Structure formats: structure tokens, C-alpha cells
Amino acid sequence: ARDTARQALRRPFETRRVPASVVELGETLGMKRPPRLISGVDISSTSGTNPVGTVVTFRDGRPDRGLYRKYRIRTVVQGRDDYGSIAEVVSRHLKRVVKEERELPDLLLIDGGKGQLSAASEALRSTGIRGVKLVGLAKREEEVFVRGRATPLPMPPDSRAKKLLVRVRNEVHRFSIEYHRSLREKEARRSLLDDIPGVGPARKEALLTKFGSVRSLMKSTPEEIAEVPGVGIATARRIKRALEEAGSGDSAPA
């Protein structure tokens, strides 16, 4: 209670230090106070497979990486469903924030247009959480959509408010792609190396420790592979042959 009281007393003085872009964004969106805590949501998948969602959070216009979160989509099992995925991530993330007794975002930015915003709006409503402003930023024309408004919100592209939204959207998009790529690479490593006879967990770890990645391993000669402790020349040739066969297809790891 004392901490809450201190924060309430400190808030009017802290607003003097709020960046102009945050103040301008709050005014443009008709908010009662500047959105000091902004969370961005994005979905990433490859042809509808292995969909993931991420959330990044900006505090006073700057990334707060301690509040970044990753989610593997559970409800969408087949095909691409950005709306369903967005709804799941919004719901799970906000419930997680409440459960962890952390500060709710003032503004939730969805990477997408009216459809994604509508899905996020339904998810937000289902949580029963109030006081979170919801905005969507469409990629093609960089149009800003606000919940409850039928048409895009006019916002000059060179305004500080618009640039802040784009910065949050770009960061969550980068984080989402990075997370999805890491999962793909992990699955590629597992599927390729685990299927090679004679390569158990210890040898696989030793190989990846020395070469760093499956792609680097694929470029190595059997003699170089055989230098790994516990891997003889016969096993090295078997590994090389298996990787060459896998690399000849379209699913070679990046």
C-alpha cells in the first residue's frame, strides 16, 4: 500500500520527464494520460506451420527487454490463422501480467489491420481487463486503426507519435521473426542429427559445440568431423553422407 501511495504521489512529477513522442501519442489517441507503457504483439509462422507469438514492451518510448515475452501458439494446430493466434497471445499475455502482479500496458499495439485488431479486441474483452487502449498498425499503408473507430486514424507519417508506433511494431516484428527462426533451426538440428545412426545426445552436443551449426557441419569434410572427440572416421563419413542427402532437398537448415 505504501509503494502504491508513493507511485501515485510521484506520478504528476514524473510526467514532466515523459518523452514528447509518448505525450503526443497519448494526445493523438485521446488518452487521459500518456501511454508510458506500450506493448506490441506480433505473430510469425512459415506457411502456417509452427506459429509463434511475441510481445515487446516499451517504457517511456524505449525498449524494456526484461518485459519481452515469447509464446508458442497452442490453439491453432493446422493452417494459418493470424486472428486466432493474435487472440490467444493477447489473452495469455494479459492474464500472465495480472498473475505476476505486474503493471498492465497503457497501450497494446497489434501488428495488423482491422481483422487482427478485432480479434485482439475480443480477446481483451474476454479477460475482463479494463483500461488498456488497443491500436492496430497495418503493414501495407502504415494505417493506424483504433478500437471503436471504423476508419483509420489520420496521423502524419513524420509525426513523433506515428514514428513511435512504427518503432514498436518493427521491434516486435524483429523479435517475432528471430524467435521463430530459432525454433526452426532447433527443429532442423534435431531432425537431421537425431536420425543419423550412431549419433546420440553426447555426440550431437560435441558436434554442435565444435561447428556451431548444422550448416557449418554440412560444409565440413569427414576428416574434420572425425576430429571431434568420440567420433571416428566411419561415423564421420556416415554423418557427412546423411547431411548431404538432407541438404539436397528443399528443407536444408538455414
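In what follows, the accompanying structure is described.

Rules and cut-offs
Residues numbered from 1 in each chain as written. Predicted model: local features only at pLDDT ≥ 70, side-chain atom pairs only at ≥ 80, totals over all residues. Heavy atoms only, no water. Helix = DSSP H or I, 4+ residues; strand = E, 2+ residues; numbered from the N terminus. Buried < 20%, exposed > 50% of the residue type's maximum accessible area, 1.4 Å probe, protein only. Contact = heavy atoms within 4.5 Å. Pairing = 2+ DSSP bridges. Right-handed = clockwise from strand over helix to strand, strands pointing away. Expected span 1.5 Å × (residues − 1).

Structural notes on the overall build of the protein chain
Step number 1: If you tally the helices and strands in the protein chain, you get nine helices and seven strands.
Step number 2: Burial status across the protein chain gives 43% buried among its 254 residues.
Step number 3: Sequence-distant contacts, at least 24 apart, represent 57% of the contacts inside the protein chain between residues at least 6 apart.

As for the pairing of strand β5 (residues 107-111)
Side-chain direction in a regular strand flips from residue to residue, so the side chains alternate between the two faces of the sheet.
Step number 1: The buried fraction of β5 is high, at five of five residues.
Step number 2: Side chains L107, L109 and D111 of β5 all project onto a buried face; the interleaved residues L108 and I110 project onto the opposite face, where all are buried too.
Step number 3: By the bridge criterion, five bridges tie β5 to strand β6 (residues 133-137) in an arrangement that is parallel. From the neighbouring strand, L108 faces β6, where its bridge partner is L134.
Step number 4: After leaving β5, the chain enters helix α4 (residues 114-127) and then returns to the sheet as β6, a path that is right-handed.

Section: helix α3 (residues 82-99)
Step number 1: Across its 18 residues, α3 extends 25 Å between first and last C-alpha, which sits within 8% of the 26 Å expected from 1.5 Å per residue.
Step number 2: For α3, every residue scored as buried is listed here: S85, I86, E88, V89, V90, S91, H93, L94 and V97.
Step number 3: With its phi angle positive at about 55 degrees, E101 sits one or two positions after the end of α3.

Keep in mind that these numbers describe shape and distance, not what the molecule does.
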